[in-house]
Amino acid sequence: MTKRFLLLLALGLTASTAAQAQVVPGRFQVSVDGAWQQYAESSALDDAPLAGVRGAFFLTRFLGIGAHVLAGRPWTRGEFFPYVRHSYLSSDETNDTTLLYVVDQRVTHIQVGLDATLRLELGRLSPFATVGFGRYRFFLDPDQVNGLEDLAGAAYHYGGGFELQLGEAAGVRFGVLDQVLRDFDRDRFCVNCSGAMALLKEDRFPNPSPAPPAKESTIHNLRFVGSFSFVPGGER
C-alpha cells in the first residue's frame, strides 16, 4: 500500500510539473491551429476547414494575451441566388433550349485578431476559456466577379476547451468557439446580381426555391479548433 501511494504521488508530481512547464509566465506559447468552421445557415457559405497560427504571452500560468491569424477557402452556395440562363437557338428558329445554372464561387476567408485566455491546471489537463476580437475579410473570385472585390467587417469570438500536456514544453489544444461576424452581406457573393453577369440572370423561373433563410448582418458560426502548442526554447 505504501509503495503504491508513493508511486501515485510521484506520478501526480510529475504530471503537475509537466503541466506547469507547458505554460511559462513571461514566455510566449506558439500554436499551429487547424479548424473546421460551420458557417451560419444564412451565410450562403459551405462548411470548410481553416488553418493558421496563434501566439500567446502568459502574464501568469493562468492568464495569457495574444494574437491569431486564420485562413480558409470555402465555397459559396449558388442556390441562394438567382439562376443564370444559357439559351440555344436553332438556325431556322423552330427550336430553342434554355439551360439554367446556379453559380458558386470559391472565396478566401482571412481572419486576424487579439484574444485572451484564462486557464486552470488539473494535472496534465488544463481547461480554458477564451474571448477575442478582430477583423475578417472574404476575397471574392476575381475571374468570376471581373475584378478585385471583398467583404469585410468586425469579428469577435468566445468559447472554451482544454489543453492536454504531451511533454515539458508541448501539448495539444481542443476548443469550440462561437465565431461572430458583423456587417455581413451575403449578397456580395452573388455573381449575377449586378454588373455584366446580371444580363444573364433568369427572371422567368424565380430562384431560390425554396426560399433560403432570411439574411442576417450578424452571423454566428461554430468553429472547432485543434492545435499543437509549444513554448519555444522550453522551460527556463
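Residues numbered from 1 in each chain as written. Predicted model: local features only at pLDDT ≥ 70, side-chain atom pairs only at ≥ 80, totals over all residues. Heavy atoms only, no water.

Colleague: Report on the pattern of salt bridges, specifying residues and quantitative values.
Modeller: If you walk through the whole model with that rule in mind, you get 10 salt bridges. Ionic pairing is found between arginine 61 and glutamate 121, a salt bridge with its closest N-O pair at 3.2 Å. With arginine 61 in the loop between β2 (48–58) and β3 (63–72) and glutamate 121 in the loop between β6 (108–119) and β7 (125–139), this pair connects stretches of sequence that are 60 residues apart. Under the relative-accessibility criterion, arginine 61 is labelled partly exposed at 27%. In this structure, arginine 173 engages glutamate 163 in a salt bridge whose closest nitrogen and oxygen atoms are separated by 3.2 Å. Residue arginine 173 is found in strand β9 (residues 170–181), and its partner glutamate 163 is found in strand β8 (residues 150–165); the two are separated by 10 residues along the sequence. According to the relative accessible area criterion, arginine 173 is buried, its value standing at 7%. (Salt bridge = Lys/Arg side-chain N within 4 Å of Asp/Glu carboxyl O. Helix = DSSP H or I, 4+ residues; strand = E, 2+ residues; numbered from the N terminus. Buried < 20%, exposed > 50% of the residue type's maximum accessible area, 1.4 Å probe, protein only.)

Colleague: For the packing of aromatic side chains, give the residues involved together with the corresponding values.
Modeller: Pairs of aromatic rings are described using the distance from one ring centre to the other and the angle between the two planes. Following the criterion strictly, the structure yields eight aromatic pairs and no others. These aromatic residues form a ring-pair network of at least three members: Tyr39, Tyr136, Phe138, Phe184 and Phe189. When the ring centre of phenylalanine 128 is taken as origin, the NZ or CZ atom of arginine 173, which lies over that ring, is 3.8 Å away. (Phe/Tyr/Trp six-rings, centres within 6.5 Å; stacked < 30°, edge-to-face > 60°. Lys NZ or Arg CZ within 6 Å of the ring centre and 35° of its normal.)

Colleague: Describe the side chain of serine 229, with residues and values.
Modeller: Structurally, serine 229 can be placed in strand β10 (residues 219–230). With a relative accessible area of 0%, serine 229 lands in the buried category. Within the structure, the side chain of serine 229 is placed 2.7 Å from the side chain of serine 31, a separation counted as a polar contact. When sequence neighbours within four positions are dropped, the list of residues in contact with serine 229 reads Gln29, Val30, Ser31, Arg54, Ala169, Ala170, Gly171 and Arg173. (Polar contact = N/O pair within 3.5 Å; in protein donor to acceptor, adjacent residues only side chain to side chain. Contact = heavy atoms within 4.5 Å.)

Colleague: Requested: an account of the sheet that holds β2, with residues and values cited.
Modeller: Ordered in space as β1-β2-β3-β6-β7-β8-β9-β10, the eight strands form a closed barrel in which the pairing is antiparallel. Across the sheet, the mean angle from the axis of one strand to that of its neighbour is 25 degrees, orientation sign disregarded. Two elements, β6 and β7, share 12 bridges in a ladder whose sense is antiparallel. Within β7, the residue paired with leucine 118 across the bridge is alanine 129. (Pairing = 2+ DSSP bridges. Axes fitted to C-alpha atoms, helices over the stretch in contact; angles between N-to-C directions.)

Colleague: A description of the environment of valine 191 should follow, citing residues and the corresponding values.
Modeller: Mapped onto the secondary structure, valine 191 falls in the loop between β9 and β10. Taking C-alpha positions, valine 191 is 9.4 Å from aspartate 141, a pair spaced 50 residues apart along the chain.

Colleague: Now, about unusual backbone geometry: what can you tell me, with residues and values included?
Modeller: Although it is not a glycine, alanine 44 adopts a positive phi angle of roughly 65 degrees. By secondary structure assignment, the location of alanine 44 is in the loop between β1 (28–38) and β2. Of the residues examined, alanine 44 reaches a relative accessible area of 0% and is grouped as buried.

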